Amino acid sequence: MVQSAGSASRGIDLPSAAAYPLPAATHRLFMATPQTEVLITIAGKEHARHVLVPGDYLIGRNSDCPIRVDADLVSRQHAKLILNYDHALIEDLGSANGTQVNGQPIPQDERTRLWPNQKIQVGAATIELRRLQTDAPSDMSLAPAQ
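Think of each chain on its own: its residues are numbered from 1, step by step along the sequence as written. In keeping with the model being predicted, local features are shown solely for residues with a pLDDT of at least 70 and side-chain atom pairs are shown and tallied solely at 80 or more, while totals for entire chains, interfaces and linings include all residues. The basis for every side-chain value is the complete set of non-hydrogen atoms in the structure, without hydrogens or water.

**Student:** Which residues make up the overall build of the protein, and what values do they have?
**Tutor:** The way it works is that DSSP assigns letters per residue, a run of H or I at least four long becomes a helix, a run of E at least two long becomes a strand, and they are numbered from the N terminus. Secondary structure assignment for the protein yields one helix and 11 strands. When the elements of the protein are put in sequence order from the N terminus, they spell out α-β-β-β-β-β-β-β-β-β-β-β. Exposure categories follow from relative accessible area, calculated using a 1.4 Å probe and restricted to protein chains: below 20% of the type maximum is buried, above 50% is exposed, and the middle band is partly exposed. For the protein, the proportion of its 146 residues judged to be buried stands at 28%. The criterion used for residue contact is that any of the two residues' heavy atoms lie within 4.5 Å. Restricting the contact set of the protein to residue pairs at least 6 apart, pairs at least 24 apart contribute 41%. Total accessible area on the protein stands at roughly 9700 Å², and carbon and sulfur atoms take up 50% of it. A 1.4 Å probe and the Shrake-Rupley method give the accessible areas. Residues count as covered only by the protein chains that appear here.

Here it is in structure tokens:
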């Protein structure tokens, strides 16, 4: 046992760090990136389906929009979908016909938080979001190495 300088006068024995070695790390901590499924329907029929990771995504008729919606009353750059790690937001980009969430118009150029099972209406299209389950690899353990 080793005595620390402050404890020597009191006679307290403290263990050395070598007496309690830390286990070697055999795996890195794995944190899966969340994925969100975006389902677009027009007149009740599936138009497109995307699986997206957190980020900002333009919704509109333009071919450069990551979420392209070719439907009546949809602007070229209609709205922006913001997917975060723990929630989603929608922002109308000043579209001519507006954006609705569960039938209620949202303010232009203002982000609106989305909750589970809400439906986004852009023109004649409906957009639904669903968070997908992500699993860690089966050989991954967070238990200390033996």
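**Student:** Residues and numbers for the layout of surface pockets, please.
**Tutor:** Estimated volume of the largest pocket: approximately 290 Å³. Both cavities and pockets are sets of points on a 1 Å grid over the protein atoms alone; in a cavity a 1.4 Å probe fits but cannot get out, in a pocket the set is open with protein on both sides within 12 Å along at least five of seven lines, and lining residues sit with an atom within 4 Å of a point. What lines the largest pocket is a set of 14 residues, among which Ala88, Leu114, Trp115, Pro116 and Leu129 lie closest to the centre. Only β9 (111-114) and β11 (125-132) provide two or more residues apiece to the lining of the largest pocket. At three residues, β11 tops the list of elements feeding residues into the lining of the largest pocket. Only Asp, Glu, Lys and Arg are considered charged in this grouping, and only Ala, Val, Leu, Ile, Met, Phe, Trp, Tyr, Cys and Pro are considered nonpolar; every other residue, Gly among them, is considered polar. Classifying every residue of the lining of the largest pocket gives six nonpolar, four polar and four charged. Grid points are joined across faces, edges and corners, and a volume is the space filled by probe spheres set on the points.

**Student:** Which residues make up the pairing of strand β6 (residues 88-92), and what values do they have?
**Tutor:** Within β6, five of the five residues are buried, which leaves it mostly tucked inside the rest of the structure. Residue alternation in β6 divides its side chains into two sets, Ala88, Ile90 and Asp92 and Leu89 and Glu91, and both sets are buried. Where strand β5 (residues 79-83) lies against β6, five bridges are found, and the strand directions are antiparallel. Each residue of the ladder has a partner; that of Leu83, found in β6, is Ala88. Only strands that DSSP links by at least two bridges are regarded as paired with each other. The turn joining β5 and β6, which pair antiparallel and follow one another in sequence, is formed by four residues. By the bridge criterion, four bridges tie β6 to β9 in an arrangement that is antiparallel. For Ile90, the partnering residue across the bridge sits in β9 and is Thr112.

**Student:** Tell me about the pairing of β5, residues and numbers included.
**Tutor:** With four of its five residues buried, β5 lies for the most part within the structure. Where strand β3 (residues 55-60) lies against β5, five bridges are found, and the strand directions are antiparallel. Counterpart to Leu58 in the pairing with β5 is Lys80.

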